[in-house]
Amino acid sequence: MSYIFPKSANKLPLQIIIYVIVLGSILSAATTYYWTNKYSNVGYAPVQPVPFSHALHNGQLGIDCRYCHSNVEKSGHSNIPTSQTCMNCHNQVKTDSPLLAPIRESYASGKPVQWVKIHQVPDYVYFNHSVHVSRGVSCVECHGQINQMDVVHQAKPLSMSFCLDCHRAPEKALRDPSLVTQLDWKHPGGEQGQLEQGTKFKHNWNVKPPQSCSGCHR
Amino acid sequence: MKRKFNHPEKSSAELTGPRYWRSLDELSETPGFQAQVEREFPEGADNLQGVDRRSFFKLMAASFALGGVGLAAGCRRPEQHILPFSKSVDTNIPGLPLYFATSFPLRRQAIPLLAETHEGRPTKLEGNPTYAPHGGASSLLSQASVLELYDPERSSTSTIKGAAVTPAAVQDLLAAIGKEAAANAGAGLAFLAGQSSSPTRAALIAKIKKAYPKAIWSEYEAVQDEAPQAAALATFGKHVKPYYQFAKAKRVVAIDSDFFASESGSIFYAREFSKARRVKKATDPMNRLYAVESNFTLVGSMADHRLRLAASHMTAFAAALAAKVTGDASFEELATGLTFKDQEKWLEACADDLKAHRGECIVVAGSHLPAEAHAIAYAMNVALGNVGKTVDFLAVPADTSASIGELAVAINQGDVKTLVVLGGNPAYDAPADLRFADLLAKVPQVVRYGYYVDETSKLAGAHINAAHYLESWGDARTADGTIVPVQPMIMPLFNGLTELEVLARISGSDVTDSYTLVFNTITALAGGDANEAFRKFLHDGLLAGTAYKVTEVGLSPTTFGALLVEGTKLETLSADNLEVRFTFDHKVDDGRFANNGWLQECPDPITKIAWDNAILISPRLAKELNIDPKGSLLQVARKDLANIEKGIEKAFIGEITVNGVTVRGPLHIQPGLPNYTLILPLGYGRTVSGHVGQDVGFDFYPARTSATLSFVTGAKLVIVPDEYYSLANTQEHWSMEGRALVREGNYEEYQKEPGFAAAIGLEAEAPPIYGDMTPEQLSKLPEEERAKITAERAVAIPRGNSLYKTPEFDGTHQWGMSIDLNTCIGCNACVVACQAENNIPIVGKDQVIRGREMHWIRLDRYYSDGNIDAAAFGGEGNREIPEDPQTSLQPVGCQHCELAPCETVCPVNATVHDEEGLNVMAYNRCIGTRYCANNCPYKVRRFNYFDWNKRRTDELYLGPLGESGMPELVKMVKNPDVTVRMRGVMEKCTYCVQRIEQGKIKQKVKAGASGDVVVPDGSIRTACQQVCPAESIVFGNIKDTESAVSKAKAREQDYALLGYLNIRPRTTYLAKLRNPNEEMPDYASLPLSRKEYNTKNHPGHSEEGAPAAKEEHGHTAINAQTFGGLS
């Protein structure tokens, strides 16, 4: 009587074990990678054409975020200022700094400055700035302490779970809308005070952050 | 295999045929059709060509393994840039659209629009609500016109003798023409232009005529969409045009007039008609429509009484009716020879009805009819006292242009040395007897100004690149004469010129830029501060008070009599002496929109044929020609003959000989046509166009001569043996298996029993499946109560025994929609508006044949003929193709079921509910199992079988060998607020979720630190709702009992499609009403579809369907528990 299995089948258990080990290590390597900040780009700080310092302009000089990002309360996009906005001051201040050459050039020629995009969500995510800032979610929640950054880097993962964490518990982030651009502001009552106030705001303002697909994907 | 719903078992009578039928196949319940309704998609839709599933997976396994290797290594995010403006731009906020008033000019009528622009590119057009007669509605063609702007195949450069030239060279050419004309007073110069209502153009023409008195200015339009001026001139001795006030008319007689779609002013007419049609409560009056038709049109589908009559008999019909209405026997002479079934009774009853509504009725004749018919219709309106009440006559400027015939004579005499062809496409669409292509060769210099390089451009020495209207400064008039701006949204993409600029340069004017030309015209008309007036003009999108003045008219007997003196002899039509009626395609018009994919793919509302035209013939003629050998087994027979499967319409090819010319085309058997009239839709068979429009359909222009522009008799039709042609007919796609889909009642019945719709259908015969009341009991409650119950149910959904967890419906709003079938005219505007708003791709004819069309909303067209009697249900007699069907139209998109069957079967939760009652689709989660489409009882889900957006429709199967990627120009038309879907994902109507979210965000921004987040009613409008000229679609928050949608849903005629499945659709329908006249010979006490319904469901009972019958239908009872209903 012939064997049902060929002789090579004897090696099968060993082969399976090796396969499982290889597969397992690929899998763990992949998940480790996809859960790291490297994947979500936290810390991404590209070199910009002009080394604009938020720490200087906002942190030290105290220029409000909305002076440059002027449409953040109206539009889904928070606009990057035009060269003209920069020139409003810089035709008086540091008029011949070599670092500002690209701005002056752009202002003269009409060609845009090529800023590098840092905070990026996928194309199928329709994040809207205006609704967040006008309902009391501070810039700091997603962008971190921009007011202390000389070179802007991505501070938060901006992944879907990051969004949902807040959408599920908005009380951790809600503050008076007049305070949204004060990135150093913390509730004087500490975490407990923030929660209490946030819960109150959530109730009074009828805040129901969408947790279903239609909120962000269209 | 598709999930089958537990439809009740069919009774023996039912087994032999359905009530409604959307195609001849369905009527005959062929085995092929049966197989198709069982399928999830039309057959072939889910088959991969040449590769079966198993071998496909074998192949793919290998490629996945390879792909996996590459996956871990570097899918890094590419560096992206943000490019802000250098200098701040006033009003521009990145991310927010801007709206500008403009208008879509077509012949003498412009449609006022608001163009939505995103960062400087127009993406969507809406009607301008400031123009009250349209109330913000727009049309199918205007919706699709934005696609034309970004057509990669539009003319991109001017050419002289085939070589591309600079704009400067074109300007020199035009100046040279002007100089030469100035030298010899315009001798030898001729223009051929399309019609236009632009005041600036009129001024330029006047200037040219004055400067070059010998020049010929001629105009030609293949389509007549206005009544001939000669008719009004003869009748009243004035240059006037009729303008109808349908809202005031209780009775309407349409003599071959498709005023819903093919007449100038049709948006206004459709809108006003629906006002008189809509009944909200039993005491509301309802209009009545009599339609006499040679073609089956939208007006015919709405008609309460429809008469099929040859186009050549229309004048006689008008005369016969006029004889009855006016009592003037002299009209009778003109009607000699007219015969149709029950003629005396028909005319008598119709005339009596009109006479009973003096001053409240309208007689309207189709613009293609001869002047005599119009004159008679005017006379009737005068006799009925309608003038000044329901019919206004507007003073219009006299048409002083020469005709194309006169131009042809001049060319033949050698009088024309330079011919400037402005727009149009005479080499393709001029009357065949003129042989215009040959004429062009006789003219030494032909300068063609056109948007596409087409048949005429090919024959012209010079082609001047035209700008799209969205790139041009201009002006125009609406149908009522109001002056509206044509405002550019974007700089000309290919340096195109405007028509005004071309004319100004030839005229030798100092001012040649169209902005200044328009500015001068408008400010002169408006008076006051010029800049302020022009600003207001552009802001409002119209110049108030510029409408044509209503003029008092009186019959001028001599000229009227003279016009009617020659009674045309009526020919008796037969299979040997056929009548040919030339019509214009609903979508491509006279052929000018042939390269517009949105329009090509939109199925004709009646024939449901996309990407083609066909010769339409009547069932009777089909029989006589023996292409209908076995009655309604026709399609079976054809399948045998043509050996076809998969529900593709394999049409016989016919050859028509008429006017000494033979043309050929596929034959489509169309119920409801006059027996011996052939309908030849024009506008197809273009030989020089883009790849979308070229060689699509058949060209019937060669059979059309100057004398026979709209119809001709004496045609012969021969069937070409053994030749067939596949038509992309969508009529069998997306069939629903179900009951009482369209519910109809007569107006009288509605007055007695407003809740009649709730008494139809299975849910009426079952114990309550939701709550403790049947729909019928519910319909008896007062309206406020019903609105309250609806609102309560929207949030507190009793899930009963459902195992599936749906989200709590605890959102601030609960969205819902109501569609009024009573006013829906079936114009297809919603289909294309949805396509434009939601980035819906086109798939091409080949894929439509496979049932893969992507439209999120479709218009179902049902026929019913009432000829079913239970005993003879399967008999031969009932298997004839009915010749006089009633038509019911029903737009169907995703119904957003609260207990959606698609959600329960999705393995990856890609389709789920949100807290505001939307059934949402997460494209990124979708893995393309298509289980959801499988399980959808409405068949509204659409699957991306290919990367439609990246591949050309004729290269879909080339795979990696074909070109991939979207042309930059095409990218510009996409709505940035909606994801462009890729291959392998499912999509469907979202209730325009992007608009909902934007509306909510706007409200929340406004609310700021307050709780005022409820969106005001009416501020969010879906694309289909916004475009609808009949205001049939209402959308809003059903949680708010005061919202328009709640009120619509609280009306007694409200019903849910397939309500007995207890899936609780958020879209519900309002039953259709018909208002027949009891005195008419074709009076039916119930709509024919209801008759069929009753005959089938209550055999042996009176046609009213006695309540006693219900007890016998034990099998129809649905166990509420099965569906998780509230017990």
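Predicted, not measured: the structure shown is a model, and the values here were computed from it.

Conventions adopted
- Residues numbered from 1 in each chain as written.
- Chains lettered and ligands numbered in written order.
- Predicted model: local features only at pLDDT ≥ 70, side-chain atom pairs only at ≥ 80, totals over all residues.
- Helix = DSSP H or I, 4+ residues; strand = E, 2+ residues; numbered from the N terminus.
- Contact = placed C-beta atoms within 7 Å.
- Rg over C-alpha atoms; globule rule 2.2 N^0.38 Å.
- Buried ≥ 20, exposed ≤ 12 C-beta atoms within 10 Å, placed from the backbone.
- Pairing = 2+ DSSP bridges.
- Axes fitted to C-alpha atoms, helices over the stretch in contact; angles between N-to-C directions.
- pLDDT = per-residue confidence, 0-100.
- Parallel < 35°, antiparallel > 145°, perpendicular 65-115°, else oblique.
- Left-handed = near helix turned anticlockwise from the far one by under 90°.
- Core = buried A, V, L, I, M, F, W, Y, C linked by C-beta atoms within 7 Å.
- Expected span 1.5 Å × (residues − 1).

## Overview of the overall build of chain B
Here is step 1 of the chain: Scanning chain B from terminus to terminus reveals 38 helices and 38 strands.
Here is step 2 of the chain: For chain B, the share of sequence-separated contacts (at least 6 apart) that also reach a separation of at least 24 residues comes to 76%.

## Some thoughts on the overall build of chain A
Here is step 1 of the chain: Looking only at helices and strands, one finds 10 helices and 1 strand in chain A.
Here is step 2 of the chain: Starting at the N terminus and walking to the C terminus, you meet the elements of chain A as α-α-α-α-α-α-β-α-α-α-α.
Here is step 3 of the chain: The C-alpha atoms of chain A give 25 Å as radius of gyration, which overshoots the globular expectation for 218 residues (17 Å, by more than 25%).
Here is step 4 of the chain: With the C-alpha coordinates of chain A rotated into their principal frame, the extents come out at 100 × 50 × 35 Å.
Here is step 5 of the chain: Per-residue burial over chain A gives 25% buried out of 218 residues.

## Things to note about the sheet that holds strand β28 (residues 815-820) of chain B
All names here are of chain B.
Here is step 1 of the chain: Across the sheet, which stays open at both edges, the 4 strands sit in the order β35-β28-β37-β36 with mixed pairing between neighbours. Each edge of the sheet is formed by a strand with only one pairing partner; in this case those strands are β35 (1033-1037) and β36 (1054-1055).
Here is step 2 of the chain: Bridge count for β36 against strand β37 (residues 1067-1070) is 2 bridges, and the pairing is antiparallel. Paired with Asp1054 across the bridge in β37 is Leu1070.

## Thoughts on the sheet that holds strand β8 (residues 216-219) of chain B
Residues and elements named next belong to chain B.
Here is step 1 of the chain: Across the sheet, which stays open at both edges, the 7 strands sit in the order β6-β5-β17-β16-β15-β7-β8 with mixed pairing between neighbours. Of all strands in the sheet, those with a lone pairing partner are β6 (163-165) and β8, marking the two edges. Averaged over all pairs of adjacent strands, the angle between their axes in this sheet comes to 25°, without regard to strand direction.
Here is step 2 of the chain: Here strand β7 (residues 189-193) runs beside strand β15 (residues 418-422); their pairing, made up of 5 bridges, is parallel. By the bridge assignment, Leu189 is partnered in β15 with Thr418.

## Section: the interface of chain A and chain B
Here is step 1 of the chain: Listed per partner, the contact involves 45 residues of chain A and 40 residues of chain B.
Here is step 2 of the chain: Listing elements by their share of the side of chain A that touches chain B, those giving two or more residues are α5 (83-90), α6 (101-109), β1 (115-116) and α7 (129-134) of chain A.
Here is step 3 of the chain: Judged from the 2 bridges that link them, β1(A) and strand β1 (residues 81-82) of chain B form a sheet pairing that is antiparallel. In the sheet register, A:Val116 faces β1(B), and the bridge partner there is B:His81.

## Describing the confidence of the model for chain B
Here is step 1 of the chain: Per-residue pLDDT for chain B has a mean of 83; in total, 86% of the residues score no lower than 70.
Here is step 2 of the chain: The low-confidence segment residues 733-738 of chain B, where pLDDT is below 50, has 16 contacts with residues more than four positions distant or belonging to other chains.

## Quick look at the environment of B:Tyr243
Residues and elements named next belong to chain B.
Here is step 1 of the chain: Along the chain, the position of Tyr243 falls in strand β9 (residues 240-244).
Here is step 2 of the chain: Spatially, the C-alpha atom of Tyr243 lies 8.5 Å from that of Thr390, the residues being 147 residues apart in sequence.
Here is step 3 of the chain: Setting aside chain neighbours within four positions, we find Tyr243 in contact with Gly265, Asp392, Leu394 and Asp480.

## Looking at the packing of helix α10 (residues 314-326) of chain B against helix α13 (residues 371-383) of chain B
Residue and element names in this part refer to chain B.
Here is step 1 of the chain: At a closest axis distance of 9 Å, the pairing of α10 and α13 adopts a crossing angle of 20°. Relative to α13, the element α10 is oriented roughly parallel. Helix-helix and strand crossings are classified by hand; for α10 and α13 the assignment is left-handed. Residues Met314, Thr315, Ala318, Ala319, Leu321, Ala322, Val325 and Thr326 of α10 pack against Glu372, Ala373, Ile376, Ala377, Ala379, Met380 and Ala383 of α13.

## Thoughts on unusual backbone geometry
Residues and elements named next belong to chain B.
Here is step 1 of the chain: Residues other than glycine seldom take positive phi values, yet Lys161 does so here, at roughly 50°.
Here is step 2 of the chain: Position of Lys161 among the secondary structure elements: in the loop between β5 (158-160) and β6.
Here is step 3 of the chain: Judged by local crowding, Lys161 falls into the exposed class, with 9 C-beta atoms found within 10 Å.
Here is step 4 of the chain: The phi angle at Arg1064 is positive, at roughly 55°, despite the residue not being glycine.

## Comments concerning the confidence of the model for chain A
Here is step 1 of the chain: Of the residues in chain A, 98% have a pLDDT of 70 or more, and the chain-wide mean is 89.
Here is step 2 of the chain: Confidence, read as mean pLDDT per element, is least for helix α2 (residues 37-40) of chain A in chain A (68) and greatest for α7(A) (93).

## Quick notes on the nonpolar core
Here is step 1 of the chain: Of all hydrophobic cores here, the largest spans 316 residues; its most connected members are B:Ile255, B:Ala318 and B:Val580.
Here is step 2 of the chain: Take this core: its biggest share by element is 10 residues, from α10(B).
Here is step 3 of the chain: Ranked by size, the runner-up nonpolar core spans 13 residues in total, among them A:Cys65, A:Leu174, A:Leu183 and A:Val207.

## Remarks on helix α34 (residues 993-1007) of chain B
Think of an α-helix as turning once every 3.6 residues; residues three or four places apart then point the same way.
Here is step 1 of the chain: Between the first and last C-alpha of α34(B) there are 21 Å, a value that for 15 residues agrees with the 21 Å anticipated at 1.5 Å per step.
Here is step 2 of the chain: Within the sequence span of α34(B), burial applies to B:Val993, B:Gln994, B:Arg995, B:Ile996, B:Glu997, B:Gln998, B:Lys1000 and B:Lys1004.
Here is step 3 of the chain: At its buried positions, α34(B) is contacted by α7 of chain A together with β28 and β32 (919-921) of chain B.
Here is step 4 of the chain: Following α34(B) by one or two positions, B:Gly1008 has its phi on the positive side, about 55°.

## Focus: the packing of helix α6 (residues 199-211) of chain B against helix α19 (residues 514-526) of chain B
Residue and element names in this part refer to chain B.
Here is step 1 of the chain: In contact at an axis separation of 9 Å, α6 and α19 are set at 100° when each is read in the N-to-C sense. Here α6 lies roughly perpendicular to α19, going by the angle between them. Judged by residue contacts, Pro199, Thr200 and Ala203 of α6 engage Leu517, Val518 and Thr521 from α19.

## A look at the pairing of strand β2 (residues 98-106) of chain B
Residue and element names in this part refer to chain B.
Here is step 1 of the chain: Here β2 pairs with strand β3 (residues 109-118) via 9 bridges, running antiparallel. The residue bridging Pro105 from the neighbouring strand is Ala110, located in β3.
Here is step 2 of the chain: Count of turn residues in the β2/β3 antiparallel hairpin: 2 residues, of which Arg107 carries a positive phi of about 50°.

## What to know about the pairing of strand β18 (residues 474-477) of chain B
Here is step 1 of the chain: Both faces of β18(B) are covered, namely the face carrying B:Gly474 and B:Ala476 and the face carrying B:Asp475 and B:Arg477.
Here is step 2 of the chain: Taken together, β18(B) and the strand that follows it, strand β19 (residues 483-486) of chain B, pair antiparallel across an intervening segment of 5 residues, in which B:Gly481 is found at a positive phi of about 100°.

## Quick notes on helix α10 (residues 190-204) of chain A
Here is step 1 of the chain: Here α10(A) contains 15 residues, and its C-alpha end-to-end distance of 21 Å stays within 8% of the 21 Å for a straight helix at 1.5 Å per residue.
Here is step 2 of the chain: Residue A:Asn206 follows α10(A) closely and has a positive phi angle near 60°.

## Remarks on the environment of B:Pro603
All names here are of chain B.
Here is step 1 of the chain: Note on placement: Pro603 falls in the loop between α22 (597-601) and β21 (609-610).
Here is step 2 of the chain: Taking the C-alpha atoms as reference points, Pro603 and His586, separated by 17 residues in sequence, lie 9.3 Å from one another.
Here is step 3 of the chain: For Pro603, the residues in contact, after removing those within four places along its chain, are Lys608, Ile609, Ala610 and Thr730.

## A closer look at the environment of B:Leu709
All names here are of chain B.
Here is step 1 of the chain: Relative to the helices and strands, Leu709 resides in the loop between β25 (677-682) and β26 (711-729).
Here is step 2 of the chain: Using a count of 15 C-beta atoms within 10 Å as the deciding quantity, one classes Leu709 as partly exposed.
Here is step 3 of the chain: Note: C-alpha distance between Leu709 and Phe582 (127 residues apart in sequence) is 7.2 Å.
Here is step 4 of the chain: In this structure, Leu709 is in contact with Pro431, Phe582 and Arg704, ignoring residues within four places of it in sequence.

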